[in-house]
Amino acid sequence: NNRVWVFHLGMRGVVFSDIEGTTKLSYSSNGGTYDEPFRSVELPEGPFQFSGLLMLQKQIHLLGGAGRLGASFAVDNGDLYRNASGLRLSLRRDF
């Protein structure tokens, strides 16, 4: 798949004065290769794909030191890959 166009948006900021947030969103049209194009009668423009990621983290005090509490959510939806989503929770202690 080397014939592709992608619209990508990424943002980073602070929410509620103490929660850091990052988001990355991509929407693509995929044409395959010149020898093996993805186009078909069902998908004349090729498969489309949306991929998104949202990450949030907050600094906390943990066991007498600095730490971070985090959460991430990701999703893939479209015709190129199987639809999937995932959630990750993290707790980190800095020494």
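Scroll up to find the structure.
Residues numbered from 1 in each chain as written. Predicted model: local features only at pLDDT ≥ 70, side-chain atom pairs only at ≥ 80, totals over all residues. Heavy atoms only, no water.

## Side note on the side chain of Gln 49
Part 1 of the reasoning: Along the chain, the position of Gln 49 falls in strand β3 (residues 48-62).
Part 2 of the reasoning: At a separation of 3.1 Å, a polar atom in the side chain of Gln 49 contacts the main-chain amide nitrogen of Leu 80.
Part 3 of the reasoning: A polar side-chain atom of Gln 49 sits 3.1 Å from the main-chain amide nitrogen of Tyr 81.
Part 4 of the reasoning: Ignoring anything within four residues of it in the chain, the contact list for Gln 49 reads Ser 26, Tyr 27, Ser 28, Asn 30, Asp 76, Asn 77, Gly 78, Asp 79, Leu 80 and Tyr 81. (Helix = DSSP H or I, 4+ residues; strand = E, 2+ residues; numbered from the N terminus. Polar contact = N/O pair within 3.5 Å; in protein donor to acceptor, adjacent residues only side chain to side chain. Contact = heavy atoms within 4.5 Å.)

## Digging into a nonpolar patch on the surface
Part 1 of the reasoning: A surface patch of nonpolar side chains, about 540 Å² in accessible area, is lined by Trp 5, Phe 7, Leu 9, Met 11 and Tyr 27.
Part 2 of the reasoning: When residues in the nonpolar patch are grouped by element, the largest group, 4 residues, is from strand β1 (residues 4-15).
Part 3 of the reasoning: Judged by relative accessible area, which is 55%, Phe 7 ranks as exposed. (Patch = residues over 30% accessible without salt bridge, like charges linked within 9 Å, V, L, I, M, F, W, Y side chains within 5 Å. Areas by Shrake-Rupley, 256 points an atom, 1.4 Å probe, with all protein chains shown as cover. Salt bridge = Lys/Arg side-chain N within 4 Å of Asp/Glu carboxyl O. Buried < 20%, exposed > 50% of the residue type's maximum accessible area, 1.4 Å probe, protein only.)

## Overview of the side chain of Thr 22
Part 1 of the reasoning: Position of Thr 22 relative to the elements: it lies in strand β2 (residues 19-30).
Part 2 of the reasoning: What makes Thr 22 buried here is its relative accessible area of 17%.

## Focus: the layout of surface pockets
Part 1 of the reasoning: Approximately 250 Å³ is the volume attributed to the largest pocket.
Part 2 of the reasoning: Considering the residues around the largest pocket, the lining is formed by 16 residues, among which Met 55, Leu 56, Gln 57, Ser 72 and Arg 88 are closest to the centre.
Part 3 of the reasoning: Where the lining of the largest pocket is concerned, the elements lending two or more residues are β1, β2, β3, β4 (65-78) and β5 (84-93).
Part 4 of the reasoning: Looking at the lining of the largest pocket element by element, the count peaks at 5 residues for β4.
Part 5 of the reasoning: Residues of the lining of the largest pocket, tallied by class, amount to 4 nonpolar, 7 polar and 5 charged. (1 Å grid on protein atoms, 1.4 Å probe; cavity = no way out; pocket = protein on both sides within 12 Å on 5 of 7 lines; lining within 4 Å. Points joined across faces, edges and corners; volume = space filled by probe spheres on them. Nonpolar A, V, L, I, M, F, W, Y, C, P; charged D, E, K, R; others polar.)

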